[in-house]
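# Structural description and commentary
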Amino acid sequence: MSKIEIMDFSENLVERTADEALKMNSSLSKVRIVFPSKRFGFFLKEEFKHRIRETAILPAMGTIDEFVTELYLQSSPGFSLSDDIQSSYFLYRIVKDIFMGKKLYAGEQDSSSFLSFYPWAQKIISGIEEILIEAEKILEQTAVYEKFSSLGEYNEVYKDFITKLPEITDSYSKIHEDNKFFTRGMAYRRIKSEDKEGVLPEPGYDSYIFAGFYALNPCEKVLIRHILKNCNDSLFLVRAQKEDKNPSLSPFRTAFETVKEIGGKPPKSPKISDVDLSCKIQIYPCSNPEHEMIQICDSLSEYLRVNKGADLTKIGILLPDPSSLMSFVSNVISRFEKESVKFNITLSYPFQRTSLFQLIDIILEISKNFNNGRVPARLYLQLIKHPYLKLSGGSQNNTDLRKEMHRIETLIIEKNILYLQIDGKGGFENKSLSEEFSEALKNIDLNFLPSGEENLKELCNRISKCLDLISGGGKNYLFFRDFINSAKEALAELEEFSEKNPEAGEGQNDRGKENFIGQKMSLVPVRFVGNPLEGIQVMGALEFRNLNFEAVFIADCVEGIMPDVSKYDPLLPGDIKELFSMRQYAEWENVYAYNFFSILSSAKSVKIFYPEKIGGRIVKRSRFIESLVHKYPEKNDLIATKNLNFSLRKSEKSLSIEKTDKIKEIITNKNLSPTSFEDYLYCPMKFYYKKVLGMEEKASLEETPDAASVGSVVHESLYSYYREKSGKIGEILEKISKERGIVSDEGTGKIKFWGVKRMLENFVKWDETNMKDKGTEIIAMEKEISKSFEIGEYTVKFRGIIDRIERIGEETFICDYKTKKEQKLFENKNENFMEMKVPELPELGEDDYRNEFPKLLKNCGCYQVLLYIKMWMEENGGEIRNTNAKYYLLRKTGKETEKIVFTGENREAFWDKFQNIFQIVMRDLLYNPRFNALPSEISCKYCPFKNLCGI
């Protein structure tokens, strides 16, 4: 006997559905279970696996969309589900016939070109599909409709469009059917029309369970009423909470209304409780989206700490705005150990927000502006600077690649090049480019740039090949494979469409095909299916429906996102929807309210987060939060006090990475530099990113050279000047600068060059006099030096370049040029330097070791040059009593230029202490089981990896 049951939220709908299926008179193979969303089906299948033998046949189960599609195909065999491009083309043909070239609402586009019409077709199709699914009537009382719509206070172009909307909708369905296609809206509408004609098919299964429906469209109402009436052994399960004193204010009223609409009568005293939500909810206001994610991470960490061994699949994180996914991954997921805390992502992310979309957009822009082999230099630079281009088979040396790109950019600026003539040789002749990079540019020209005129299919094919070129090297990029697959599927769809409809490209404007592809790619969703079921469930709002969790964390609870419903629809305004008898804004808000409060009611613990600003703009917290605050006015701690402390100096949380055997192998196989020794001292995590992962600071091409480029040119110029002992330092600097592609004759580059030139001229003049007065002999410049050191069972290799080595009498000086203005490294006086004390450190690996390790930094800032001394003495012998360290501060003048940092009678005693420091640091590098981040307000502020640490 068919029945309708209202469940309490404390009961698990997945478990109850499985119970009911197993209790039915029919065998499981003759039971059909229908539910709103796919995610519910994953959990239900898992539930059945735990309850019955693996060899048993499970019930037929699927979403309502799948069920309706199945019914449609029973009466229309051989039909195919249309995609958005095919449907858009059918619509184009319809409006072209109906409007006869007149302006069309939704862009007022000339309908002579389908490729130009496509963006607007998407908006119109969305409205037509909504009408097919949601409207109670379409063509009934046509004369009344036409009269009403013609009298509306609308724009004339819109009035002409809306008057013909029923005709467009009818023709839209007919043209699909004539070509053996159907859409989701057509499948649903068939249910309504078959019911009207009395030909709805008899139920195909002995028993049915409809689980978790709480708001039905007109077609669903007809179908479910029909099955409940004609299938005695059927069940409709809906969840609700006890109605408030004023039912019209209850967020669950849609559930009770749904029961009435399908012919049921809710019990007068339903056995459901009135849940006090205030005892299990905490609301967290956050300053901005980044702080919001950090707060979510902290709250989740605390929950896992308190509930050790918790089943991760019982924890749900709701991301109602898919664009928050990457921020969530970088600020939350990345902070947990992958081995112990897994995350299962189930939502759709907009492809338009990915770097891959940006690359495709650049390729399309180049195609638009390509003319007789000429490409705008601006677009060419954007292409070669894109981070994915290095994956296409070009240079693999990131440092060299950045230098070469810098040369290209400065060359274009110097010569004021607006267009490049592409000839397969890198766009232009430049003998200063390395052979390897020139080959890389040729590879880019041949694959990423057009060779001539292309039609739609050829352009799609070329973009697809570009994706093939970069797909092999991006395995370390987050979700890279998902992005590639989504893009290639869309391009394949476009190619297939162009083959079947070659006439679709006729009449296009010069940029029609590029705009067409760009629009299509902007609509592509990257779908994360989150299967198999394991780990913390990260889902969108629709996937959360009807699932029970122990703990739920809800992000982005602000107006416009929660609920995501607009009061005004420009295509189907309220009066037109009323004429079609469609659900209005208020009814959709009720659906969102039910979904939100059902999540709260079914969980044991709920934490709600919302940013107060997004993109610098103040936003309002969700009306759902306001309703909770209004309902529980006495609950003073419902909204948490903002207690986030983002001071780097006071942060107690830091990132930590385990030092595996593989990582130690990488370290011992590398040639470390004295700079990397200092990196490890200041922050072991910085060392990890640079030396273990091989990550570089994000490259940026500026009109003027950066500090690293200036320093490199200065070192090379001084080396050439002292080696040749002829010529003027200014002329040498200018020659090397031009060879390196650094701008030196215009704009800010000219000013910077003039300053560097003057600095070197002043230094050389002072240096020659100082050397003569002291009898200084330069014995080596830009001296490459390497040395291996035994650290326990490991061997560590160091390699570096000493800027200059001098001898004055029996004394040897290891010298380092410094071009930076900052002098913080050199503020320690010799007295403090000599008196430094190495702390008594506990055994490696103990908890308080991390607190003691940074104390080494406070004693000295000259570890780099001291390590050069150690390497020099290991290689060349000599005694420490005759070896000194010196900085040349090139931006200073006179005596302040020379800074001796290691000399004097106490250096031998200090040298023993430095040797001890070196051993401590190396032992920590190889034997401390983890890399630990060391937060510092100064060093973290300018660290290129601060976003990865999130400290």
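Further up the page is the structure itself.
Residues numbered from 1 in each chain as written. Predicted model: local features only at pLDDT ≥ 70, side-chain atom pairs only at ≥ 80, totals over all residues. Heavy atoms only, no water.

## Points about the pattern of salt bridges
Two side chains bearing opposite charge may form a pair once their charged atoms approach each other closely. Formally: By convention in these notes, a salt bridge is any Lys or Arg side-chain nitrogen within 4 Å of a carboxyl oxygen on Asp or Glu. In this text, helices come from DSSP runs of H or I with a minimum length of four residues, and strands from runs of E with a minimum of two, each type numbered from the N-terminal end. Using a 1.4 Å probe on the protein chains alone, a residue whose accessible area is under 20% of its type maximum counts as buried, one over 50% counts as exposed, and one in between counts as partly exposed.
This model, assessed by the stated rule, comprises 41 salt bridges. Linking Glu898 and Lys774 is a salt bridge whose minimum nitrogen-to-oxygen distance equals 2.7 Å. Of this pair, Glu898 sits in strand E25 (residues 898-902) while Lys774 sits in helix H29 (residues 747-774), and the two are 124 residues apart along the sequence. Overall, Glu898 belongs to the buried group, its relative accessible area being 16%. Lys886 serves as the salt-bridge partner of Glu898, at 2.7 Å between the closest nitrogen and oxygen. Of this pair, Glu898 sits in strand E25 while Lys886 sits in strand E24 (residues 883-889); the two residues are 12 residues apart in sequence, bridging distant segments of the chain. A single salt-bridge network, built from bridges that share partners, covers Lys3, Glu5, Glu11, Arg16, Glu20 and Lys23.

## Here's the deal with a negative patch on the surface
Stated formally: Any residue with relative accessible area above 30% and no salt bridge may belong to a patch, with like charges joined within 9 Å and the nonpolar Val, Leu, Ile, Met, Phe, Trp and Tyr side chains within 5 Å. With residues, only the protein chains shown are counted as cover, and all accessible areas are computed by Shrake-Rupley using a 1.4 Å probe. Counting rule applied: Lys, Arg positive; Asp, Glu negative; His and chain ends not counted. Lysine's charge is taken at NZ, arginine's at CZ, aspartate's at CG and glutamate's at CD.
A contiguous patch of negative charge, built from Glu339, Glu658, Asp661 and Glu665, is present on the exposed surface. In this structure, Asp661 sits in helix H24 (residues 661-669). Judged by its relative accessible area of 65%, Asp661 falls in the exposed class.

## Re the sheet that holds strand E14 (residues 536-539)
As a reminder, the rule being used: Pairing between strands is defined by DSSP: at least two bridges between the two strands are required. Convention adopted: a line fitted to C-alpha atoms gives each axis, helices being fitted over their contacting stretch, and angles between N-to-C directions are expressed from 0 to 180 degrees. It only takes one pair of heavy atoms within 4.5 Å for two residues to be counted as in contact.
An order of E8-E16-E15-E9-E14-E10-E13 is seen for the 7 strands of this open sheet, with the pairing classed as mixed. Pairing within the sheet leaves two strands with one partner each, and these edge strands are strand E8 (281-286) and strand E13 (525-529). Along the sheet, successive strands turn relative to each other by an average axial angle of 15 degrees, direction set aside. In terms of strand pairing, strand E9 (residues 315-318) meets strand E15 (residues 551-554) through 4 bridges, oriented parallel. Counterpart to Ile317 in the pairing with E15 is Phe553. Along the sheet, helix H2 (residues 38-51) contacts strand E10 (343-350), E13 and E14; its crossing angle with E14, the most-contacted strand, is approximately 160 degrees. The strands touched by helix H19 (residues 480-500) within the sheet are E10 and E13, with E13 carrying the most contacts at an inclination of about 125 degrees.

## Quick notes on unusual backbone geometry
At the junction of Met562 and Pro563, the peptide bond is cis and its omega measures out at 10 degrees in the coordinates. Secondary-structure assignment places Pro563 in the loop between E15 and helix H21 (574-579).

## A look at the side chain of Lys513
As a reminder, the rule being used: Here a polar contact means two N or O atoms within 3.5 Å. Within protein one must be a hydrogen donor candidate and the other an acceptor candidate, and residues neighboring in sequence count only if both atoms are side-chain atoms.
Within the element layout of this structure, Lys513 appears in helix H20 (residues 512-522). A polar contact is formed between the side chain of Lys513 and the side chain of Glu514, at a distance of 3.2 Å.

## Considerations on the packing of aromatic side chains
Put simply, the rule reads: Here a pair means two rings of Phe, Tyr or Trp (six-membered ring of Trp) with centres within 6.5 Å. Their orientation is stacked below 30 degrees between planes, edge-to-face above 60, and tilted elsewhere. Whether a charge lies above a ring is judged from NZ of Lys or CZ of Arg, which has to be within 6 Å of the ring centre and within 35 degrees of the ring normal.
For the structure shown, the criterion picks out 55 aromatic pairs. Ring geometry for Phe596 against Phe597: centres 5.2 Å apart, planes inclined by 85 degrees, an arrangement best described as edge-to-face. With relative accessibility at 8%, the residue Phe597 sits in the buried group. Relative to Phe931, the ring of Phe687 lies with its centre 6.4 Å away and its plane at 25 degrees, an arrangement referred to as stacked. You can see Phe687 sitting in helix H26 (residues 684-692) and its partner Phe931 sitting in strand E26 (residues 930-932), a full 244 residues away along the chain. For the pair formed by Phe687 and Phe931, the shared burial category is buried. Through successive ring pairs, a cluster of aromatic residues spans Phe677, Phe789, Phe798, Tyr863, Phe902, Trp911, Phe914 and Phe918. Over the ring of Phe931 we find Lys659, and its NZ or CZ is 4.7 Å from the ring centre.

## Points about the nonpolar core
Counted only if it meets this: Here, nonpolar core means buried Ala, Val, Leu, Ile, Met, Phe, Trp, Tyr and Cys residues that are tied together by side-chain atoms lying within 4.5 Å of each other.
One finds Phe114 and Ile608 to be the most contacted residues of the largest nonpolar core, which totals 203 residues. Per-element tally for this core: the top contributor is helix H5 (residues 114-134), with 11 residues. Excluding its chain neighbours within four sequence positions, the residues that come into contact with Phe114 are Ile85, Ser88, Tyr89, Tyr92, Phe497, Ala504 and Phe516. Counting 51 residues, the second-largest nonpolar core is a separate cluster that includes Ile869, Tyr887, Phe914 and Cys943.

## Examining helix H10 (residues 218-230)
What counts is decided by this rule: Here a helix's expected span is defined as the number of its residues, less one, multiplied by 1.5 Å.
When the terminal C-alpha atoms of H10 are compared, their 19 Å separation across 13 residues agrees well with the 18 Å that a helix rising 1.5 Å per residue should span. By the criterion of burial, H10 is predominantly enclosed, with 10 of the 13 residues buried. Among the structural elements, helix H3 (64-75), H5, helix H9 (184-197), strand E6 (207-211), strand E7 (233-239) and helix H11 (253-261) are those in contact with the buried residues of H10. The N-terminus of H10 is capped by Asn217, whose side-chain oxygen sits 2.9 Å from the backbone nitrogen of Cys219.

## Quick look at the sheet that holds strand E1 (residues 3-7)
Pairing is parallel in the open sheet, where 5 strands are placed in the order E1-E7-E6-E2-E3. For this open sheet the edge positions go to E1 and strand E3 (60-63), each flanked by a neighbour on one side alone. Between one strand axis and the next, the sheet turns through 15 degrees on average, direction left out of account. Where strand E2 (residues 31-35) meets E3, 4 bridges bridge the pair, whose relative direction is parallel. Looking across to E3, one finds that Val34 is bridged to Gly62. Across the sheet, H3 touches E2, E3 and E6, and the angle it forms with E3 is around 105 degrees.

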